[in-house]
Amino acid sequence: MAHKPLYTVVAVVGIAAASGAGWWYQNRPATGAPEAQAQAGVAGAPGAVTASGAAPAASGAAGAASGPRAAGVEVAKVDTMRIVDDTQAVGSLRSRQNVMVRPEVSGRVGKINFRDGERVQKGQLLVQFDDQLPRAQVAQAEAELSIARANHKRNQELVAQNFISQRSVDESGAALQVAEAKLALARATADRLRILAPFDGTVGLRSVNVGDYLKDGADIVNLEDLDAILVDYRLPERFQAKVRRGQTAMVAIDALPGRKFPALVQAVDPLVDANGRSVGVRACIDNRSMQLRPGMFARVTAVFGEREKAMVVPEEALVPQGGRQIVFKVVPGEGDTKVSQRTEVKVGLRIPGKVEILEGLQPGDVVVTAGQQRLQRDGTPLRVIEAPARGGPGGQGGAGGPAAAASGVASGPGAGSAAGAGRRGPGAQAAGSGGPGGRTGGPGGPGGRPGAGARPEGPNPCLQAMVDKK
């Protein structure tokens, strides 16, 4: 029990000593060893502490108190690349021309002059109806016409000799005209029993047989012109000012994975649909290789324009402020230092990982991509930090070159990114010649069918249609 006061005294003394040591550490003099002064100063600032004496140490301490501290940021250069202004849509394929062959008059089928699924020429006889009665009527009309023509000629000779009146000649002339009209009617009736192909195309599957009696308007067979395929799709009304006749589009078909077909815009509907607020567009695809069929589902990439040398920056460089887009540009400061400068920019297209800059920057400028929260005002000293690698060659935003970060939009070996699947890289389905597996295609497939994208000789029917419309 006698030791309790001693323990109390020792505890009080220990607490007082610890408090005094903490107070001294927080309020120790600023001057001291050169190492402490170096830690307190600004790295690389003029007048830093050296081992020579107290005067340089004092000036270094003053510089540390007055100069701002450098902010660590990540930067990137303003690059130029080729970008495409496009949008996605869905549509359906249809024939350039198609018709359901139907008779104009009733009759019995006497002959079918085509096989299912074969190609026919314009004017080719498809179906012949039983025409015995119309042919007999034609023969009767020809005989009546012959008699009327002979009577009229005889009357003309007699009136010249004043044997008959002019009235008899007029009556025989009218009878001749009636006979000619009867013959024309009989021939027209007989011709309606011959059903001809209205244009070059491919017939479908017939639904009639020889001997069937058909009423007028009955379905016989469908005829499709497949040399050119039309794709109809709709775009939101905000694109109605961009889309126009003569533009190109790339069409992907779910039934033909891995292939894309170029299409030429032929017409834009002047009426905007009030229900969906969309505008209809019709484009034409060269289908002489017969790979596409009407009714297929299509995924359309409508291309409005391309820019070869568009300025782009990483999308993380943009800082929205009050409806404006701001970037922090890295500019030279005093000496060898780099400082920040707030710059307002006008942005254009956005592609995965990149943003197009229309105004405010120049190619080669350096902008801050990370650490903008440390830049409260212009002129802040910057310390560049190397950004970690974000992907391998050809990856999105990685070290595969500028073309690798544009979702496959830019041309070049690195254009095979994940988002764009290399739309302009080797083997892509660009408007030019495709690579392996592209539109130019390879050898013929099974059964002698041309390879993917093989084009027979002759003019493009889509281009010819554009010329004909002009």
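This structure is a prediction, so every number in the text was calculated from the model and none was measured.

Thresholds applied
Residues numbered from 1 in each chain as written. Predicted model: local features only at pLDDT ≥ 70, side-chain atom pairs only at ≥ 80, totals over all residues. Heavy atoms only, no water. Helix = DSSP H or I, 4+ residues; strand = E, 2+ residues; numbered from the N terminus. Buried < 20%, exposed > 50% of the residue type's maximum accessible area, 1.4 Å probe, protein only. Contact = heavy atoms within 4.5 Å. Areas by Shrake-Rupley, 256 points an atom, 1.4 Å probe, with all protein chains shown as cover. Core = buried A, V, L, I, M, F, W, Y, C linked by side-chain atoms within 4.5 Å. Pairing = 2+ DSSP bridges. Phe/Tyr/Trp six-rings, centres within 6.5 Å; stacked < 30°, edge-to-face > 60°. Axes fitted to C-alpha atoms, helices over the stretch in contact; angles between N-to-C directions. Parallel < 35°, antiparallel > 145°, perpendicular 65-115°, else oblique. Left-handed = near helix turned anticlockwise from the far one by under 90°. Salt bridge = Lys/Arg side-chain N within 4 Å of Asp/Glu carboxyl O. Disulfide = S-S within 2.5 Å. Expected span 1.5 Å × (residues − 1). Polar contact = N/O pair within 3.5 Å; in protein donor to acceptor, adjacent residues only side chain to side chain.

Notes on the overall build of the protein
Looking only at helices and strands, one finds six helices and 19 strands in the protein. Here the protein, with 470 residues, has 37% of them falling under the buried criterion. Partitioning the contacts of the protein with sequence separation of at least 6, the portion at a separation of at least 24 is 67%. Of the roughly 27100 Å² of accessible surface on the protein, a fraction of 54% belongs to carbon and sulfur atoms.

As for the nonpolar core
One finds Leu93, Val231, Tyr233, Leu235, Ile253 and Leu292 to be the most contacted residues of the largest nonpolar core, which totals 26 residues. When contributions to this core are tallied by element, the ones reaching two or more residues are strand S2 (79-101), strand S9 (221-236), strand S10 (248-253), strand S11 (260-273), strand S12 (278-286) and strand S13 (297-314). At five residues, the largest contribution of residues to this core is made by S9. Ignoring any residue separated from it by four or fewer positions in sequence, one finds isoleucine 253 in contact with Leu93, Arg259, Phe261, Leu292, Met296, Phe297 and Ala298.

Here's the deal with the sheet that holds strand S5 (residues 125-129)
Hydrogen bonds between backbone atoms are what pair the strands of a sheet, whose relative direction is either parallel or antiparallel. Pairing is antiparallel across the open sheet formed by four strands, whose spatial order is S6-S5-S3-S8. With partners counted over all chains shown, the strands left at the sheet margins are strand S6 (194-196) and strand S8 (213-214), one partner each. Pairing between strand S3 (residues 107-112) and S5: three bridges, direction antiparallel. In the strand pairing of S5, isoleucine 112 is matched with valine 127.

Considerations on the packing of aromatic side chains
Using the criterion set out here, one finds one aromatic pair in the structure. Measuring from ring centre to ring centre gives 5.3 Å for phenylalanine 239 and phenylalanine 304, while their planes differ by 20 degrees; the resulting arrangement is stacked. Of this pair, phenylalanine 239 sits in the loop between S9 and S10 while phenylalanine 304 is found in strand S13, placing the two residues 65 residues apart along the sequence. By relative accessible area, phenylalanine 304 is classed as buried at 9%.

With respect to the packing of helix H4 (residues 132-160) against helix H5 (residues 166-191)
The interhelical angle for the contact between H4 and H5, taken along N-to-C directions, is 160 degrees, at an axis separation of 8 Å. By the angle class used here, H4 and H5 are roughly antiparallel. Here H4 and H5 pass one another in a crossing that is left-handed.

Examining the pattern of salt bridges
Taken as a whole and assessed by the stated rule, the structure comprises 18 salt bridges. For arginine 206, the salt bridge identified is with aspartate 116, shortest N-O distance 3.6 Å. Of the two residues, arginine 206 sits in the loop between strand S7 (201-203) and S8 while aspartate 116 sits in the loop between S3 and strand S4 (119-120), which places them 90 residues apart along the sequence. Taking the shortest distance from any N to any O, the salt bridge between glutamate 171 and arginine 167 comes out at 3.2 Å. Remark: arginine 167 and glutamate 171 occur in helix H5; sequence separation between them is four residues, near one turn of the helix. Given a relative accessible area of 61%, arginine 167 falls into the exposed group.

Topic: the environment of arginine 277
The residue arginine 277 is located in the loop between S11 and S12 in this model. For the pair arginine 277 and leucine 235, spaced 42 residues apart in the sequence, the C-alpha separation amounts to 8.7 Å. When neighbours within four sequence positions are excluded, arginine 277 is seen to be in contact with Pro236, Glu237 and Val272.

Here's the deal with the state of the cysteines
One pass over the structure, following the stated rule, counts one disulfide. Here cysteine 284 is linked by a disulfide to cysteine 462, with a sulfur-sulfur distance of 2.0 Å. Residues cysteine 284 and cysteine 462 are joined through a disulfide that is left-handed, its torsion about the S-S bond being -75 degrees. Residue cysteine 284 is located in strand S12, and its partner cysteine 462 is located in helix H6 (residues 461-469); the two are separated by 178 residues in the primary sequence. We classify cysteine 462 as buried; its relative accessible area is 2%.

Focus on H4
Along its 29 residues, H4 runs 43 Å from first to last C-alpha, staying within 8% of the 42 Å computed at 1.5 Å per residue. Those residues of H4 not exposed but buried are Pro134, Val138, Ala141, Leu145, Ala148, His152, Asn155 and Val159. Positive phi appears at asparagine 162, one or two residues downstream of H4, with a value of about 60 degrees.

Some words on the pairing of S11
For a regular strand, the rule is simple: side chains alternate between the two faces of the sheet. The sheet contact formed by S10 and S11 spans five bridges and is antiparallel. Bridge assignment links threonine 248 to a residue of S11, and that residue is leucine 264. Remark: six residues form the turn of the hairpin made by S10 and S11, two consecutive strands paired antiparallel; glycine 258 in that turn has positive phi of roughly 85 degrees. Relative to S12, S11 runs antiparallel, the two sharing seven bridges. By the bridge assignment, alanine 263 is partnered in S12 with isoleucine 285.

What about the side chain of arginine 288?
Relative to the helices and strands, arginine 288 is located in the loop between S12 and S13. Assessed through its relative accessible area of 17%, arginine 288 is described here as buried. Side chain to side chain, arginine 288 and aspartate 286 meet in a polar contact 2.7 Å long.

Quick look at the pairing of strand S16 (residues 338-351)
The pairing of strand S15 (residues 324-332) with S16 spans eight bridges and is classified as antiparallel. The residue of S16 that forms the bridge with valine 331 is valine 339. Bridging between S16 and strand S19 (residues 381-384) involves two bridges; their strand directions are antiparallel. Across the sheet, the residue bridging to lysine 338 is leucine 382, located in S19. In terms of strand pairing, S16 meets strand S17 (residues 354-359) through four bridges, oriented antiparallel. Bridging from a neighbouring strand, lysine 346 pairs with glutamate 359 of S17. In textbook terms, the turn of a hairpin is the stretch between consecutive antiparallel strands, and for S16 and S17 this stretch comprises two residues, one of which, glycine 353, has a positive phi near 85 degrees.

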